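Here is how the chains run, residue by residue.
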Amino acid sequence: MTHTALPMVVPAPGLPHRVRIHEVGPRDGLQNEQSTVPTEVKAEFIHRLAAAGLTTIEATSFVHPKWVPQLADAERLFPLLDDIEDVALPVLVPNDRGLDRALALGARQIAVFGSATEAFARRNLNRTVAESLAMFEPVVARAKAERVRVRGYLSMCFGDPWEGAVPVPQVVRVAKALLDLGCDELSLGDTIGVATPGHVRALLTELGDQGVPTDAIAVHFHDTYGQALANTLAALEHGVSTVDASAGGLGGCPYAQSATGNLATEDLVWMLHGLGIETGVDLRQLTATSAWLADQLGRPSPSRTVRALTGAPETTTT
Ligand code: HMG
Ligand code: MG
């Protein structure tokens, strides 16, 4: 079978001309690996992603090492990225202790991560929603005083494995609270991948009606039910132009077992380039990077596009 290396470009009206991809593979992807990936492999992964043209690469987390042992090497990893130029390397920071660690290493972008539901706030942060917002408040204030850019993640925006459906007004309330703390950007997380496009439109519309500017919004879809690309297109049609994705489709959340991989960056780039939307990403180089990482992890990439472009076999669940 022959493979077309690039999609045919057929633009569609009403979409952004350029999309900024917020690459989360090294953080959301690797936090969920069963084995701990060697620090040098992580550093090479991030260098390769930068060389493939990604300009925002979430590098690691400064969380409690016992909560996420896969990223416990943040202090060793971050200095290995010093030579990467013109690429933002945000890191996850839940609290003051995490911010101390990140600032000590010179991090210039951080992300706090809240939850729209009480059940996930408790499991992920050992706090209620209100307690987590109180935990973030001094973090965001101190980061802003240091001119560090702050992203606010909001998880479980479309459904929660313990609470079920999550009402749109509940999501909007916590979203606004995160922005009120001073977050520069809000990333709407479909942590368990249950969203569908009408739901995405409804949430974005309500956020807009409540005064949240669309250019402050990013979308973060996991692909559990194969809806991530459709949901992304719905968000693009609404004017969103920052999209989170994970090279090779790695990902999940250790504190939400029903979460699977993120939207694969390659699948996203295939669609965006087919629509004539600029990303700055070299799809061939990115695919080679994910194929290389899959070799390191000892299993094929779950990304359809990576498999199509490399002829790799279907993934199996073990
Ligand atoms: P806790 O047990 O409540 O912590 O955990 P604590 O505040 O009670 O502190 C206990 C001890 O931990 C203290 O040490 C602290 O210093 C230490 P002691 O005084 O007892 O010796 N400690 C730390 N050490 C290092 N770094 C730190 C830190 N913080 C406290 N940052 C905590 C609370 C927030 C720390 C914990 O719940 C935690 O680390 N959670 C992180 C969970 C996580 O990383 N989840 C995955 C990321 S979220 C995600 O994937 C979703 C997303 O992708 C979007 C989506 O898909 O929806 C973003
Ligand atoms: Mg995630």
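Up top you'll find the structure we're talking about.
Conventions used here
- Residues numbered from 1 in each chain as written.
- Chains lettered and ligands numbered in written order.
- Predicted model: local features only at pLDDT ≥ 70, side-chain atom pairs only at ≥ 80, totals over all residues.
- Heavy atoms only, no water.
- Helix = DSSP H or I, 4+ residues; strand = E, 2+ residues; numbered from the N terminus.
- Buried < 20%, exposed > 50% of the residue type's maximum accessible area, 1.4 Å probe, protein only.
- Core = buried A, V, L, I, M, F, W, Y, C linked by side-chain atoms within 4.5 Å.
- Contact = heavy atoms within 4.5 Å.
- Pairing = 2+ DSSP bridges.
- Donors = N, O, S within 2.8 Å, 3.2 Å for Na, K, Ca; no water.
- Near = heavy atom within 4 Å.
- Polar contact = N/O pair within 3.5 Å; in protein donor to acceptor, adjacent residues only side chain to side chain.
- Areas by Shrake-Rupley, 256 points an atom, 1.4 Å probe, with all protein chains shown as cover.
- Nonpolar A, V, L, I, M, F, W, Y, C, P; charged D, E, K, R; others polar.
- Salt bridge = Lys/Arg side-chain N within 4 Å of Asp/Glu carboxyl O.

A.B. asks: Lay out unusual backbone geometry in plain terms, naming residues and giving numbers.
C.D. replies: In this model, aspartate 86 sits at a positive phi of 60°, which is unusual for a non-glycine residue. As for its placement among the helices and strands, aspartate 86 is situated in the loop between helix H3 (74-77) and strand S4 (91-92). Of note, asparagine 126 is a non-glycine position whose phi angle comes to about 60°, a positive value. With respect to the helices and strands, the residue asparagine 126 is situated in the loop between helix H5 (118-125) and helix H6 (129-145). With a relative accessible area of 40%, asparagine 126 lands in the partly exposed category.

A.B. asks: Residue-level account of the nonpolar core, with values.
C.D. replies: The biggest cluster of nonpolar side chains holds 94 residues, and the ones touching the most others in it are Ile21, Leu81, Val91, Ile110, Leu154 and Leu203. Here isoleucine 110 is in contact with Val91, Val93, Leu99, Val139, Ala143, Val148, Arg149, Val150 and Arg151, once residues within four sequence places are set aside. Formed by six residues, the second largest nonpolar core is a distinct cluster that contains Met156, Ile192, Ala256 and Ala259.

A.B. asks: Describe in detail the sheet that holds strand S2 (residues 56-57), supporting the description with residues and values.
C.D. replies: Here nine strands make up an open sheet; going across it, the order is S2-S1-S9-S8-S7-S6-S5-S4-S3 and the pairing parallel. Either end of the sheet is taken by a strand with one partner, and the two such strands are S2 and strand S3 (60-61).

A.B. asks: Account for the coordination of the magnesium ion (ligand 2), naming residues and giving values.
C.D. replies: Around the magnesium ion (ligand 2), the protein contributes the donor atoms Asp28 (OD), His220 (NE2) and His222 (NE2), which lie 2.1 to 2.3 Å from the metal centre. Within one chain, the residues serving as donors to the magnesium ion (ligand 2) are arranged as D-x191-H-x1-H. In this pair, the class of histidine 220 matches that of histidine 222, namely buried.

A.B. asks: I'd like a description of helix H10 (residues 265-274), backed by residues and values.
C.D. replies: The element H10 is largely enclosed, with a buried count of eight among its 10 residues. For H10, the complete set of buried residues consists of Thr265, Glu266, Asp267, Leu268, Val269, Met271, Leu272 and Gly274. Buried-residue contacts for H10 involve strand S1 (20-23), helix H9 (228-237), strand S9 (242-245), helix H11 (283-297) and helix H12 (304-310). Positive backbone phi, at 75°, marks glycine 276, one or two positions downstream of H10.

A.B. asks: Before we move on, could you go through the pairing of S1 and cite the residues and values that matter?
C.D. replies: Of the pairings in the sheet, the one linking S1 to S9 comprises four bridges and is parallel in character. Directly across from histidine 22, in S9, lies its bridge partner aspartate 244. Taken together, the two bridges between S1 and S2 define a ladder with parallel strand orientation. Opposite histidine 22, over in S2, you have threonine 56 as the bridge partner.

A.B. asks: Provide a residue-level description of the site of ligand 1, including the pertinent values.
C.D. replies: Neighbouring ligand 1 are 27 residues; His64, Asn95, Arg127, Ser155 and Thr191 lie closest to it. Arginine 27 is positioned with one of its side-chain polar atoms (N or O) 3.0 Å from an oxygen atom of ligand 1. A distance of 3.0 Å separates a nitrogen atom of ligand 1 from a polar backbone atom of phenylalanine 62. When ligand 1 sits alone it has 1,100 Å² of accessible area, and the protein chains cover 75% of it. At three residues, helix H4 (residues 96-104) tops the list of elements feeding residues into the shell around ligand 1. Of the residues in the shell around ligand 1, the class split is 11 nonpolar, 11 polar and five charged.

A.B. asks: Please provide a residue-by-residue account of the pattern of salt bridges, values included.
C.D. replies: Scanning the model with the defined rule gives 16 salt bridges in all. Notably, a salt bridge pairs glutamate 185 with arginine 149, separated by 3.4 Å at the nearest N-O pair. One end of the pair, glutamate 185, is in strand S7 (residues 185-190); the other, arginine 149, is in strand S6 (residues 149-155), and 36 residues separate them in sequence. Classification of arginine 149 by relative accessible area gives partly exposed; the value is 34%. A salt bridge links arginine 151 to glutamate 185, with the nearest nitrogen and oxygen atoms 2.7 Å apart. Of this pair, arginine 151 sits in strand S6 while glutamate 185 sits in strand S7, and the two are 34 residues apart along the sequence. When sorted by exposure, arginine 151 lands in the same class as glutamate 185, which is buried. Beyond isolated ion pairs, a larger network of salt bridges with shared partners links Arg20, Arg149, Arg151, Glu185 and Asp244.

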